[in-house]
Amino acid sequence: WLDGNQLTGQLPIELGNMLQLSDLAIHENRFQSTLPSELGRLEKLERFWADKMELYGTIPTEYGNMKSLGRLFLESNQLSGTLSSHLGRLTNLRDVR
């Protein structure tokens, strides 16, 4: 868990290479970044906390490939756009904030 550490900069695209990752908790940091599309490769990711940061842009369509995702927390950011149908493919998704 990397939450609450005052980390800054861009979210590393290399996180998308951690294919066995089931939980990613990076919330309550100071990342000023878009959400990397590379995270869409994390098909085993079950819980993703990226709330209370300074993220901007849209949710990448590649996130529709996160087959195991059950919880997605993105509140308190500067994200824009609409929730598109790619999230509808996430049949395990039960908690979105």
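As shown above, the structure is provided for reference.
In this text the structure is predicted, and so the values were computed from the model without any measurement. Residues take numbers from 1 onward in each chain, read along the sequence in its written order. Totals for whole chains, interfaces and linings use every residue, but because this is a predicted model, local features are given only for residues with pLDDT of at least 70 and side-chain atom pairs only at 80 or more, for both listing and counting. Note that the side-chain values use all heavy atoms of the structure and ignore hydrogens as well as water.

**Remarks on the pattern of salt bridges**
So, step 1. When a carboxyl oxygen of Asp or Glu lies within 4 Å of a side-chain nitrogen of Lys or Arg, that pair is called a salt bridge. One pass over the structure, following the stated rule, counts six salt bridges.
So, step 2. Asp-95 serves as the salt-bridge partner of Arg-71, at 3.9 Å between the closest nitrogen and oxygen. Of the two residues, Arg-71 sits in strand E6 (residues 71–73) while Asp-95 sits in strand E8 (residues 95–96), which places them 24 residues apart along the sequence.
So, step 3. A 1.4 Å probe rolled over the protein chains alone gives each residue an accessible area, and that area as a share of the maximum for its type sets the label: buried under 20%, exposed over 50%, partly exposed in between. Judged by its relative accessible area of 31%, Arg-71 is partly exposed.
So, step 4. For Asp-95, the salt bridge is made with Arg-97, and the minimal N-O distance between the two is 3.2 Å.
So, step 5. On the basis of relative accessibility, which here comes to 16%, the residue Asp-95 falls in the buried class.
So, step 6. Here the salt bridges do not stand alone but share partners, grouping Asp-23, Glu-46 and Arg-47 into one network. By definition, any uninterrupted DSSP run of H or I lasting at least four residues is a helix, any uninterrupted run of E lasting at least two residues is a strand, and each is numbered from the N terminus.

**A look at the packing of aromatic side chains**
When we look at a pair of aromatic rings, we describe it by the centre distance and by the angle of the planes.
So, step 1. Only Phe, Tyr and Trp rings take part, Trp by its six-membered ring, and two of them pair if their centres are within 6.5 Å. Stacked means planes under 30 degrees apart, edge-to-face means over 60, and tilted covers everything else. Inspection of every chain in the model, using the stated rule, returns two aromatic pairs.
So, step 2. On the basis of an interplanar angle of 65 degrees and a centroid distance of 6.2 Å, the ring pair of Trp-49 and Phe-73 is categorised as edge-to-face. Placement of the pair is Trp-49 in strand E4 (residues 47–49) and Phe-73 in strand E6, with a sequence separation of 24 residues.
So, step 3. Take Trp-49: its relative accessible area is 13%, and that puts it in the buried class.
So, step 4. Among the residues examined, Phe-73 registers a relative accessible area of 9% and is labelled buried.

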